[in-house]
Amino acid sequence: MNMQISPIQNKFCYNKPVNTNFKAYGEVRYLSASGGETLGNVKHFTTTWLNRDRLPEIMVYFTEKYKNVPKVNTHVFGCANGSEPYSIVMLVHSGSGMEGLKKFAPIKAVDCDAGAIYRAESGIITLEPFEIGDVEKYTNGRFKEYFFSDYDQNKYDIRKWYVEPILRNNVRFSVGDALEEYKKVEPDNSIVFVRNMWPYLNIEDRFKLARGLYSQFDKNCHLIIGSFDLEDLLRGRPVEEFLFDAGFKKTPVQYVYEK
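Since this is a predicted model, take the numbers as computed values, not measurements.

1. Some thoughts on the overall build of the chain
For the chain, the helix and strand inventory stands at nine helices and 13 strands. Every one of the 259 residues in the chain was classed for burial, and the buried ones make up 53%. The contacts of the chain with a sequence gap of at least 6 include a subset with a gap of at least 24, amounting to 72%. Surface summary for the chain: the accessible area is close to 11600 Å², and the carbon and sulfur share equals 50%.

Encoded structure:
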């Protein structure tokens with residue numbers, strides 16, 4: 001994905017872990033080693049955690065919205081280590097069972113960072129205590145149905161977890177560029193998560209992606225963004241500017257837009 005925040009085109013980049021005292025997974029990828037660890041040299045951050053940005057509320061909305069639809073096409077652009085697609089699987093499965101999950105799965109999850117996809121496909125994930133607590137909260141205490149560990153101790157003291165087959169088998173990970181992947185989105189009954197990545201796109205690409213998705217959508221489709229997109233600390237041009245220009249409208253649920 002072209003996620004440059006500088007007009008200088010530079011294919012070289014390197015990454016460094018981000019302090020994750022309050023987030024389970026994070027890396028910062030720079031444009032060049034010589035540019036230093038400065039904001040101007042940042043290509044993108046890869047930061048995520050389970051059930052981020054009101055995702056449980058969003059999936060309740062979609063469960064009701066699509067209750068009479070036999071199949072929903074679910075896409076996650078910028079999936080990082082898999083936290084978001086895994087969260088979707090858990091929320092739907094714990095609330096609606098296997099029949100409900102079949103409607104939304106498999107989740108098609110892509111990221112431009114091959115390293116993130118490698119980690120996602122490994123089936124190993126690092127979880128912070130607050131994430132474990134959120135899973136217990138939003139799945140009615142079913143955390144151990146979705147994750148297991150080699151360690152026999154209090155789960156809140158364990159960081160390294162393996163994902164259970166219910167998660168692994170219902171997400172399809174691949175390396176992909178959102179500026180191309182949107183063309184593969186099914187025109188009817190599709191939900192596309194493009195969350196917390198818009199500020200890394202240059203202005204031209206923001207218009208391209210917003211207009212491209214709007215054009216690709218036909219009936220009963222939704223676009224979902226994140227809190228970082230509404231703030232845009234990098235350029236001060238929140239994503240709604242581009243979504244409204246393309247024709248998207250707000251829904252009753254924060255972060256969810258429709259054609």
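2. Quick word on helix α1 (residues 55-65)
When we look at burial in α1, the residues that qualify are L55, P56, I58, M59, Y61 and F62. Summarising the contacts, the buried residues of α1 are in contact with α2 (83-104), α4 (129-138), β10 (190-194), β11 (222-224) and β13 (256-258).

3. Examining the sheet that holds strand β7 (residues 147-148)
Judged by pairing direction, the sheet is antiparallel, and its three strands sit side by side in the order β6-β8-β7 without closing on themselves. Strands at the two margins of the open sheet, each flanked by one partner only, are β6 (124-126) and β7. In this sheet, strand β8 (residues 160-163) lies alongside β6 in antiparallel orientation, the contact comprising three bridges. Counterpart to T126 in the pairing with β8 is K160.

4. Digging into the packing of aromatic side chains
Under the defined criterion, the tally for this structure stands at twelve aromatic pairs. An angle of 40 degrees between the planes, with centres 5.5 Å apart, marks the rings of Y200 and F228 as tilted. With Y200 in the loop between β10 and α7 (203-216) and F228 in helix α8 (residues 227-231), the pair connects residues that are 28 residues apart, well separated along the chain. Residue Y200 shares its accessibility class with F228, and that shared class is buried. We note K259 situated over the ring of Y214; from NZ or CZ to the ring centre the distance is 4.7 Å.

5. Some details on the pairing of strand β4 (residues 73-77)
Buried residues dominate β4, accounting for five of its five residues. Here β4 shows a buried face lined by N73, H75 and F77 and a second buried face lined by T74 and V76.

6. Looking at α4
Since there are 3.6 residues in each turn of an α-helix, residues three or four apart along the chain are aligned in direction. Among the residues making up α4, those that are buried are E131, I132, V135 and E136. Projection of α4 onto a plane perpendicular to its axis shows the buried side chains occupying an angular sector of 140 degrees, all on one side. Summarising the contacts, the buried residues of α4 are in contact with α2, β6, β7 and β8. In the segment just after α4, N140 is the residue with positive phi, at about 60 degrees.

7. What to know about the side chain of E84
Its place among the elements puts E84 in helix α2. When near neighbours in sequence (up to four residues on either side) are disregarded, E84 contacts L55, V76, F193 and R195.

8. Structural notes on the sheet that holds β13
The strands that make up a sheet pair up through hydrogen bonds in the backbone, lying either parallel or antiparallel. Read from one edge of the open sheet, seven strands run β9-β5-β4-β10-β11-β13-β12, paired in mixed fashion. With partners counted over all chains shown, the strands left at the sheet margins are β9 (171-175) and β12 (249-250), one partner each. Two strands pair when backbone bridges link them, and β4 and strand β5 (residues 107-111) are joined in this way by three bridges, in the parallel orientation. For F77, the partnering residue across the bridge sits in β5 and is V110. Its contacts with the sheet place helix α3 (residues 114-121) against β5 and β9, and it is angled at close to 155 degrees to β9.

9. Section: the pattern of salt bridges
Going through the model one piece at a time under the given rule, you end up with 15 salt bridges. For the salt bridge of R195 with E84, the shortest nitrogen-to-oxygen distance reads 3.0 Å. With R195 in the loop between β10 and α7 and E84 in helix α2, the pair connects residues that are 111 residues apart, well separated along the chain. Pair check on accessibility: R195 and E84 agree, each one buried.

10. Thoughts on the confidence of the model for the chain
The predicted model of the chain has a mean per-residue pLDDT of 86, with 82% of residues at 70 or higher. Counting interchain partners and residues more than four positions distant, the pLDDT-below-50 stretch residues 1-32 has 110 contacts. Below a pLDDT of 50 lies the segment residues 36-44, which in the model reaches 34 contacts outside its immediate sequence neighbourhood of four places, other chains included.

11. Looking at the packing of α1 against α2
Interaxial distance between α1 and α2 falls to 10 Å at its minimum, and their mutual angle equals 30 degrees. Taken together, the axes of α1 and α2 lie roughly parallel to each other. In this structure, α1 crosses over α2, and the sense of that crossing is right-handed. For the pair α1 and α2, contact is made by L55, P56, M59, F62 and T63 and by E84, S87, I88, L91, V92, S96 and F104, respectively. Of the residues contributing to the contact of α1 with α2, the split by class is eight nonpolar, three polar and one charged.

Cut-off values and rules
- Residues numbered from 1 in each chain as written.
- Predicted model: local features only at pLDDT ≥ 70, side-chain atom pairs only at ≥ 80, totals over all residues.
- Heavy atoms only, no water.
- Helix = DSSP H or I, 4+ residues; strand = E, 2+ residues; numbered from the N terminus.
- Buried < 20%, exposed > 50% of the residue type's maximum accessible area, 1.4 Å probe, protein only.
- Contact = heavy atoms within 4.5 Å.
- Areas by Shrake-Rupley, 256 points an atom, 1.4 Å probe, with all protein chains shown as cover.
- Pairing = 2+ DSSP bridges.
- Phe/Tyr/Trp six-rings, centres within 6.5 Å; stacked < 30°, edge-to-face > 60°.
- Lys NZ or Arg CZ within 6 Å of the ring centre and 35° of its normal.
- Arc of directions from axis to C-beta.
- Axes fitted to C-alpha atoms, helices over the stretch in contact; angles between N-to-C directions.
- Salt bridge = Lys/Arg side-chain N within 4 Å of Asp/Glu carboxyl O.
- pLDDT = per-residue confidence, 0-100.
- Parallel < 35°, antiparallel > 145°, perpendicular 65-115°, else oblique.
- Left-handed = near helix turned anticlockwise from the far one by under 90°.
- Nonpolar A, V, L, I, M, F, W, Y, C, P; charged D, E, K, R; others polar.

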